[in-house]
Structure formats: structure tokens, C-alpha cells
Amino acid sequence: MLAGAGYVLLLILCLVSFSSGGDPFVFFDWTVSYLKAFPLGVKQQVIGINGQFPGPVLNVTTNWNVVVNVKNDLDEPLLITWNGIQHRKNSWQDGVLGTNCPIPAGWNWTYEFQVKDQIGSFFYFPTLSFQRAAGGYGGIIVNNREVIPLPFNVPDGDITIFISDWYTRSHKVSLNNVKELREDIEDGKDIGVPDGILINGFGPYGYEQALVPKGITYQIINVEPGKTYRLRVHNVGISTSLNFRIQNHNLLLVETEGSYTVQQNYSNMDIHVGQSYSFLVTMDQNASSDYYIVASPRFVNSSARAKASGVAILHYSNSQGPAAGPLPDLPDEYDAYFSMNQARSIRWNVSAGAARPNPQGSFRYGDITVTEVYVLLNRPAVLINGKLRTTLNGISYLPPSTPLKLAQQYKIPGVYKLDFPNKLMGRPPKVDTSLINGTFKGFVEIIFQNNDTTVQSFHMDGYAFFVVGMDFGVWTENSRGIYNKWDGVARCTTQVFPGAWTAILVFLDNAGIWNLRAENLDTWYMGQEVYVSVVNPEVDTSENHLPENAIYCGLLSSLQHDQAQRVHFSDAPAVSNTRTPILIAILITLFVALMRQPW
């Protein structure tokens with residue numbers, strides 16, 4: 001009997017050991033709804049998640065599987081994208097119109113994706129109908145696995161900071177029936193300078209009575225003297241570049257959008273729309289008072305800049321009084337050269353491990369032969385068929401009623417064309433659904449040429465790309481002579497200054513259909529985006545299939561059934577490896593039963 005039972009026990013232990021070796025799952029239940037808030041002292045309708053504005057931070061670790069069950073409690077359709085999460089071979093979870101049908105009002109939909117081979121600081125936000133202007137955003141932290149050391153001492157704390165331009169008008173219908181922001185854009189009106197700058201959803205501290213109305217609630221960040229904190233700063237705004245700084249404190253840059261950087265001190269950092277940075281900040285001051293945390297607009301007129309500065313408070317536990325004095329200096333407002341040189345100074349830490357033990361720089365991008373070149377030209381909005389539209393290479397993207405990925409899956413002809421031009425063509429601008437036909441495992445050079453009058457940010461889903469060069473003027477073949485072919489930082493969002501260009505290199509090894517867009521919400525909303533189709537010509541069994549819970553729309557609407565239970569949230573714990581406890585329970589029951597048997 002004992003021998004037989006021992007054999008069974010050994011079998012159980014082996015199976016448990018095997019079952020616990022997989023990557024864990026984490027579960028989140030979110031309700032996305034409208035909230036009433038007063039960010040700038042004026043009552044507004046904002047978008048919150050689980051009653052929070054900004055939303056909760058997703059704090060996960062490399063290779064974890066993330067399951068987010070989203071209930072759409074808004075009065076309009078919703079999609080959420082995970083800005084910077086690459087969704088390896090799984091563009092079904094990307095949360096943009098090219099890959100997903102919107103989640104109807106009152107429905108819930110579950111995102112499930114793996115943060116495969118990634119680390120770093122990212123954020124999520126709603127992608128439809130100008131909703132990001134009302135909130136709905138939050139942070140994503142992807143931590144190193146324990147076997148991969150950080151390239152710096154473990155900080156004493158981790159703090160997420162959201163900076164954003166803000167308007168007191170609604171993204172849709174305001175409380176006093178003033179036209180909504182998206183209506184103004186559709187009417188061809190400039191949305192104008194922001195009414196203020198928010199830090200973590202709060203308005204500015206009253207550092208000057210003439211500029212800050214009384215009664216505004218502001219953010220206080222509490223710290224301990226002598227300790228070092230990691231600050232993850234995200235510009236989640238609509239269209240304004242922001243300069244971030246902390247009074248009397250240095251910002252040691254250590255990471256941006258999934259890449260560890262060469263560690264350099266900055267007194268301030270220009271953070272453009274959609275960009276994310278990690279700084280180490282040591283609380284090394286004498287705490288005679290609190291200190292200002294400031295986010296100020298860049299490249300707007302000086303009067304608007306003064307009106308709009310966002311100010312939070314850094315409070316030492318032994319502080320002797322409130323923050324005092326003028327705000328820390330802002331770089332020359334119109335000196336774009338300063339901002340460009342600062343961007344050029346950000347380098348990849350090629351000796352640091354990240355998601356894997358090997359150094360980040362082991363991918364020698366400078367030695368790979370470029371297979372395709374695209375020069376993407378953006379211009380100020382133009383009238384096309386009587387409506388103001390923005391373009392890339394003269395094409396303003398038109399989202400079809402059937403998402404591109406679904407049309408590809410079901411082989412529906414005529415939904416899109418794989419004919420996006422690699423440069424501006426000599427023809428009038430047009431509205432079209434034209435995709436870049438990317439070559440699987442091709443190495444693509446993309447040059448963003450900004451002929452607009454404002455700083456534009458461009459983002460690519462599914463990838464990190466290498467920022468290899470930027471300069472003022474028009475890009476030419478000779479411009480490659482200034483490329484950084486060794487330690488250009490790998491990231492997912494880059495700025496392009498007006499009258500200038502930025503060059504990136506990207507290795508198309510992630511099969512799927514991926515969005516390449518302006519992160520500036522106003523220009524994106526009017527058509528400044530394109531999708532890149534990357535198809536593996538061989539059968540790839542590791543690429544994710546159409547999700548069982550896919551929502552159907554457009555030409556496939558007949559496949560969609562109404563949700564029998566529209567609100568169904570999981571009862572799963574926040575963190576678990578679901579297979580292990582179930583298997584253990586089954587096997588223990590089996591073991592007990594076998595112990596009772598005569599042998």
C-alpha cells in the first residue's frame with residue numbers, strides 16, 4: 001500500500017511541478033463610466049475607470065498574461081488600446097478600429113494578451129470619438145523578471161505621473177451646450193490653446209493668484225528625505241508638448257517606452273504627446289519647504305503658456321512649509337533646437353539586459369540591410385470633399401465599417417487596398433483605405449517629414465522602432481550621413497518638429513495589422529494614420545487566432561449575437577496561475593481516494 005501510494009504521490013508532485021512552470025495570469029475587472037469632476041474648478045464630465053480618474057495602473061511583470069474584462073458604461077462605443085504593448089502575433093487585442101469592432105454601450109468585452117519579452121513604462125487610453133480628451137487613461141508598468149537585474153539600484157518607491165493639456169469643453173456635449181471639441185474639429189476650427197494642464201487629473205497648485213483661481217484641487221506627492229524614487233511620466237494629452245521639471249531636483253533618465261537608456265541627468269525634459277519616460281529622482285534637498293512639480297506647454301505663445309502651466313507639490317515628510325518662489329525656469333519657448341538636441345541626447349543603454357538576459361544592444365540594427373523606404377509627409381489639414389482632413393502622403397485614412405483584421409480573416413474583398421505610396425504622389429489629396437504592404441521580417445526605414453506648423457508625435461503599434469536621426473529641413477538620401485547606427489533609442493512614439501524630419505528603423509517580425517498614427521488627437525481624428533499589414537507567408541501556428549469572444553460589425557454584423565449577459569465580471573483573484581490550484585485540488589482528491597484503497 002505504501003509503495004503504491006508513494007508512487008501516486010510522486011506522480012502528483014511531478015504534475016504540480018510541471019503545471020506551475022507556466023507564465024501567470026492576472027485578472028482585472030473594469031467599469032468605464034462618466035464621472036463628475038472639477039479639474040480646473042469647472043464642473044465637467046470625465047471618463048473614469050472603476051470610479052477613478054485617471055484610471056488604475058496595470059502593474060505586471062514580463063511574460064505575464066493579462067486579462068482585462070471591460071464593461072462599457074458610457075453612452076457610446078468604446079475601444080481601449082495599450083500604448084506600447086506589442087501584442088506579439090496578436091493584433092486582435094490592439095483596441096483600434098483597424099483590428100476590433102467597438103464595444104457597444106452597455107456591453108462588456110475581455111481583452112487577453114501577454115506582455116511578451118517587454119519591460120518598461122506605457123499607458124492605455126480609449127481610441128474612439130475623441131474620448132481621450134475626457135480621460136479614460138491609466139498607466140502600465142511592466143517589471144523585470146527577478147532573474148534580470150535592473151541597470152540601477154532598486155528605487156525606494158515607484159510613482160506614476162500623468163501630464164496632459166486640458167479643455168473645459170466636453171469631448172462631446174458640454175453641460176452648457178457649447179459645441180463639443182470634436183464638432184469644432186469637424187467644422188474646421190482650431191481647438192485653440194488648452195485651458196490648463198493637469199497632473200494626475202488635478203489642476204494647478206495656486207502658485208500665483210492672478211493665474212490660478214481659488215478652490216482648485218491639486219496633486220500632492222509625498223516622499224521621504226534621502227530616498228530615491230522612480231517617476232514614470234506620461235504625456236497623455238491631446239496635442240501639446242509639455243516640459244516637465246521639479247524645483248531644485250535633477251531628473252536622472254533611465255528608461256523610455258521599454259528601453260533602458262544611458263543614464264543622464266536633466267534639469268527638465270520635453271515630453272511630447274504620447275511619450276513616456278522614467279526618471280530616478282533623489283530627495284536630496286533640505287526640505288525647508290515643499291517643491292514645485294511643473295508641466296508647462298512648449299511651442300505656444302507666451303501668454304497662453306503662463307495661463308496653462310500645471311503645478312503639483314512634492315512634499316517631504318519633514319517639510320518646513322509650503323513651496324515658494326517662482327516656478328523653475330522653462331527653456332526658451334521658441335527654441336526648437338534645444339528640444340531637438342535634447343531628444344538626440346537620449347541614447348540606448350546597449351549593455352543592459354531588459355526582458356531577456358542578453359544586452360539590449362545585441363540587436364545590431366546598424367548592420368541590417370534596409371529592404372523598404374517610406375517617406376511619410378504630413379501637411380496642415382486640407383478640404384477633401386468639403387470636409388477638413390489631415391493626410392499622410394496625400395491620403396486621409398477612412399476607417400471601413402468592417403475592421404481590417406476581420407476582413408483579412410474572412411477574405412472579404414474590397415474593404416482595403418495594399419497600395420499605400422512610399423512617398424507623396426503628384427495627385428490631389430484623397431480619402432481612402434490604403435494600407436502599407438509590409439514584408440514579413442523586412443527591415444523598413446520610415447522618414448516622417450513634418451510640413452505642418454506644430455510638433456507632431458507618431459506612434460506605431462506592435463513594435464519598438466529605432467530613432468536613428470532627426471534634423472530640420474527636408475530629408476534627402478544624404479541625410480543618412482547623420483544617422484546614429486549604434487545606440488539610437490528603441491521606443492514606440494517619436495516627435496517630429498515643424499519643418500523637420502525624423503527617421504526610424506523597424507524590423508517587421510510581428511505578424512498582424514498594425515496602426516501607425518499621429519498621437520496628436522486632433523490630427524489623428526481627421527485622418528492622419530495608416531495601417532501596416534505584415535503577413536507571414538508561411539503557416540505560423542504560434543500566431544493567435546480570432547478570439548472566441550470577437551465582436552462582429554460592418555459586413556460581418558450577421559455573425560454577431562446579442563450578449564445574453566451583458567455584464568459578466570470574473571470572480572478570479574487579481575493574480576493567479578489558474579491551472580495550478582485546480583490541478584492540485586483534483587490530484588489531492590485523487591490521492592486521498594487512492595489512500596483509502598487496499599493495495
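Refer to the preceding data block for the structure.
Overview of the structure. (Residues numbered from 1 in each chain as written. Predicted model: local features only at pLDDT ≥ 70, side-chain atom pairs only at ≥ 80, totals over all residues. Heavy atoms only, no water.)

Further remarks concern the nonpolar core. One finds I238, L376, I446, F448, M460, V506 and L516 to be the most contacted residues of the largest nonpolar core, which totals 54 residues. Here L376 is in contact with L392, N393, F420, I446, I447, F448, Q449 and L516, once residues within four sequence places are set aside. (Core = buried A, V, L, I, M, F, W, Y, C linked by side-chain atoms within 4.5 Å. Buried < 20%, exposed > 50% of the residue type's maximum accessible area, 1.4 Å probe, protein only. Contact = heavy atoms within 4.5 Å.)

Taken in spatial order, the four strands line up as β3-β8-β7-β5 in an open sheet, and their pairing is mixed. Both outer strands of the open sheet, β3 (58–61) and β5 (80–83), are each paired with one neighbouring strand and no more. Neighbour to neighbour, the strand axes of the sheet diverge by 20° on average, direction disregarded. Taken together, the four bridges between β5 and strand β7 (residues 120–126) define a ladder with antiparallel strand orientation. What sits directly across from T81, in β7, is F125. (Pairing = 2+ DSSP bridges. Helix = DSSP H or I, 4+ residues; strand = E, 2+ residues; numbered from the N terminus. Axes fitted to C-alpha atoms, helices over the stretch in contact; angles between N-to-C directions.)

Along helix α4 (residues 336–344), the positions that sit buried rather than exposed are A336, S339, M340, Q342 and A343. Looking straight down α4, one finds its buried side chains confined to an arc of 160°; they lie on one side. Considering only its buried residues, α4 is in contact with β15 (259–266), β16 (269–271), β28 (465–472), β30 (493–496) and β31 (500–507). The distance from a side-chain oxygen at the start of α4 to the backbone nitrogen of Y337 is 3.2 Å, and the residue carrying that oxygen is D335. (Arc of directions from axis to C-beta. Polar contact = N/O pair within 3.5 Å; in protein donor to acceptor, adjacent residues only side chain to side chain.)

Here we come to the pattern of salt bridges. According to the stated counting rule, one finds 20 salt bridges in the structure shown. Among the salt bridges present, the one from R517 reaches D461, with a minimum N-O distance of 3.0 Å. A residue pair is termed long-range when its members are at least 10 positions apart, and R517 in strand β32 (residues 512–518) and D461 in the loop between β27 (456–460) and β28 qualify at 56 residues. As far as burial versus exposure is concerned, R517 and D461 are alike and both buried. Taken together, the shared-partner salt bridges in this structure form one network comprising R132, D461, R517 and E519. (Salt bridge = Lys/Arg side-chain N within 4 Å of Asp/Glu carboxyl O.)

On to the environment of V115, then. Structurally, the position occupied by V115 is in the loop between β6 (108–114) and β7. Placed 51 residues apart in sequence, V115 and W64 show a C-alpha to C-alpha distance of 5.9 Å. Residues in contact with V115, not counting those within four places in the same chain, are V60, T61, T62, N63, W64, V66, I85 and V142.

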